[in-house]
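Tertiary structure, described
Single-letter residue listing:
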Amino acid sequence: VAQVRAGLSIPLTVGGGVRSVDDAAALLQAGADKVAVNSAAVARPELLSELAERFGRQCVVLALDAALRLCGAAGWEVVVASGKQRTGRDAVAWAQEAQELGAGEVLLTSWDRDGTRAGYDLPLLRAVSTAVHVPVVASGGASGPQHLWEALDAGADAVLAASIFHDGDHTVSALKAYLAARGVA
């Protein structure tokens, strides 16, 4: 984290393996601005409260991975362990509970869309962003500027994109220009 922080002038959220207040403290002390938790918070929701009490809710990000329910059931469920385990927990209800427990932001990844470049899951994004009052970051499925705009228009406060930059399909400056032309700072 410290090496990454040294090269950045933007906020840095770090996740993966955060299972305790001590884990979060180590990341924050190394230069992270926020910590993201997923599986550990699902297993022990009070972790969100512990983190918020110690560091402030502005430092606590719920990394919510969601997938459509199986067998035609309506809605989305929380998945953990890199999408390998379905929890049966309703994703929208979990976002609300996490907010009440102390999450100050939701990083919402559609496991069905991640890596597909088919666009963000807009119904999921709308459902979560209308259910909580904390910022929601859309993740999973972007292939170009239109997808980012659609996510912001659907209620996301921010958007996450990776493959389109890694593969050289788009530049950050081109995407910023596209969004700026649509009134997005």
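Because the structure is a prediction, the values reported are computed rather than measured. (Residues numbered from 1 in each chain as written. Predicted model: local features only at pLDDT ≥ 70, side-chain atom pairs only at ≥ 80, totals over all residues. Heavy atoms only, no water.)

1. Some details on empty space enclosed by the protein
- Counted by the stated rule, this structure contains 1 cavity of 30 Å³ or more.
- If you add up the space inside the largest cavity, you get close to 50 Å³.
- Lining of the largest cavity is provided by L108, S110, Y120, D121, L124, L125, A138, S139 and G140.
- Elements with a contribution of two residues or more to the lining of the largest cavity: β6 (105–110), α6 (122–131) and β7 (136–139).
- Partitioning the lining of the largest cavity into residue classes produces 5 nonpolar, 3 polar and 1 charged. (1 Å grid on protein atoms, 1.4 Å probe; cavity = no way out; pocket = protein on both sides within 12 Å on 5 of 7 lines; lining within 4 Å. Points joined across faces, edges and corners; volume = space filled by probe spheres on them. Helix = DSSP H or I, 4+ residues; strand = E, 2+ residues; numbered from the N terminus. Nonpolar A, V, L, I, M, F, W, Y, C, P; charged D, E, K, R; others polar.)

2. Overview of the packing of aromatic side chains
- Enumeration according to the criterion identifies 0 aromatic pairs in this entry.
- Directly above the ring of W94 sits R89, whose terminal nitrogen or CZ lies 4.4 Å from the centroid.
- It is R182 that lies over the ring of Y178; its NZ or CZ is 3.6 Å from the centre. (Phe/Tyr/Trp six-rings, centres within 6.5 Å; stacked < 30°, edge-to-face > 60°. Lys NZ or Arg CZ within 6 Å of the ring centre and 35° of its normal.)

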